[in-house]
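Here are the chains, one letter per residue:
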Amino acid sequence: NVKHNSLLVYIPDPIVCFNEAKYKQSVRLNIDLESSVVFVDCFSSGRLGRDDFWGAHCIQNSLNMYLDDNLIVSENQRLSHDSIAGSISERIGHYHVFGMILLFGNRTARVRQRLEAFKGRQFFHQKKNEILSQKDLIRNQHQPAAMVSVTSVVGHSNCIVRFLCGSSEEMFELLREILQPMS
């Protein structure tokens, strides 16, 4: 429960699913119109030292946000091995982290305004590469560039950002850049 005039910031390390894992999570946020939320939910490709690269059998995740007992956001993700679509690793490719950021409320307004500028771009990494040093570009040359999608929810002061990153480090760099206006 996120009470009146409060701010919830939840930024965990990515969840690491091992081979054949069946992960299921459900989160319910009850918010007040005058509260604010930064909620990050992310998953990594597994324990690379044990060849767990997207070896989980199923990753199922549900986030529901309620305002005065009315459902205003329902974000559901399900990744599983499928005989038609293929394995999780075949669909995600070389990316090591996927996740989402939920932004809600007045205290996230500057972040959401900044994200509006990125919505028209095909790839968010164009902006990201502008701020990386040449050394960082060389270091990351074998990783796929981050991909980001921004969706605003009509009628409420919130948005959802979905992302794929080449590493956990890149994900935290991306989060720092996105959430910088809150610092």
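This write-up is about the structure you can find in this document. Residues take numbers from 1 onward in each chain, read along the sequence in its written order. This being a predicted model, a pLDDT of at least 70 is required before a residue's local features are given, and a value of 80 or more before pairs of side-chain atoms are given or counted; all residues contribute to the totals for chains, interfaces and linings. Only hydrogens and water are removed before side-chain values are computed, so all heavy atoms of the structure are retained for them.

### Considerations on a nonpolar patch on the surface
Then comes step 1: A cluster of nonpolar side chains, namely Leu7, Val9 and Ile11, defines an oily patch on the protein surface of about 220 Å² accessible area.
Then comes step 2: For the purposes of this entry, the term helix denotes a DSSP run of H or I that reaches at least four residues, the term strand denotes a run of E that reaches at least two, and both are numbered from the N terminus. Relative to the helices and strands, leucine 7 is located in strand β1 (residues 7-10). To count toward a patch, a residue needs a relative accessible area above 30% and no salt bridge. Like charges then connect within 9 Å, nonpolar side chains (Val, Leu, Ile, Met, Phe, Trp, Tyr) within 5 Å. Accessible areas in this description were obtained via Shrake-Rupley with a 1.4 Å probe; residue shielding takes into account the shown protein chains only. A pairing counts as a salt bridge when a side-chain nitrogen of Lys or Arg comes within 4 Å of a carboxyl oxygen of Asp or Glu.

### Comments concerning the sheet that holds strand β6 (residues 70-80)
Then comes step 1: Any two strands are treated as partners once DSSP identifies two or more bridges connecting them. Reading across from one edge, β3-β5-β6 is the order of the three strands in this open sheet, with mixed pairing throughout. In the strand order of this sheet, the two ends are held by β3 (22-31) and β6, each with one partner. Going across the sheet, the axis of each strand differs from the next one's by a mean of 5°, ignoring polarity.
Then comes step 2: Here ten bridges tie strand β5 (residues 58-67) to β6, and the two strands are oriented antiparallel to one another. Axis lines are fitted to C-alpha atoms, over the contacting stretch for helices. Their N-to-C directions set the angle, which ranges from 0 to 180 degrees.

### Brief notes about the nonpolar core
Then comes step 1: Grouped together as the largest cluster of nonpolar side chains are 20 residues, with contacts concentrated most on Ile101, Leu103, Leu115, Val161, Phe163 and Ile178.
Then comes step 2: Counting 15 residues, the second-largest nonpolar core is a separate cluster that includes Val27, Phe39, Met65 and Leu67. Residues belong to a common nonpolar core when they are buried Ala, Val, Leu, Ile, Met, Phe, Trp, Tyr or Cys residues joined through side-chain atoms within 4.5 Å. Only protein chains enter the calculation, and the probe is 1.4 Å; a residue is then buried if its accessible area is under 20% of its type maximum, exposed if over 50%, and partly exposed in between.

### Describing the pattern of salt bridges
Note on pairing: side chains with opposite charge can pair once their charged atoms come close.
Then comes step 1: Scanning the entire structure with this criterion turns up two salt bridges.
Then comes step 2: Where aspartate 52 meets arginine 47, a salt bridge forms, and the shortest distance between an N and an O atom there is 2.6 Å.
Then comes step 3: Judged by relative accessible area, aspartate 52 falls into the buried class, the value being 1%.
Then comes step 4: Judged by its relative accessible area of 35%, arginine 47 is partly exposed.
Then comes step 5: Between glutamate 75 and arginine 162 there is a salt bridge whose closest N-O contact spans 2.9 Å. On the criterion of sequence distance, the pair formed by glutamate 75 in strand β6 and arginine 162 in strand β9 (residues 158-165) is long-range, its members being 87 residues apart.

The values reported here are purely geometric and, on their own, carry no functional implication.
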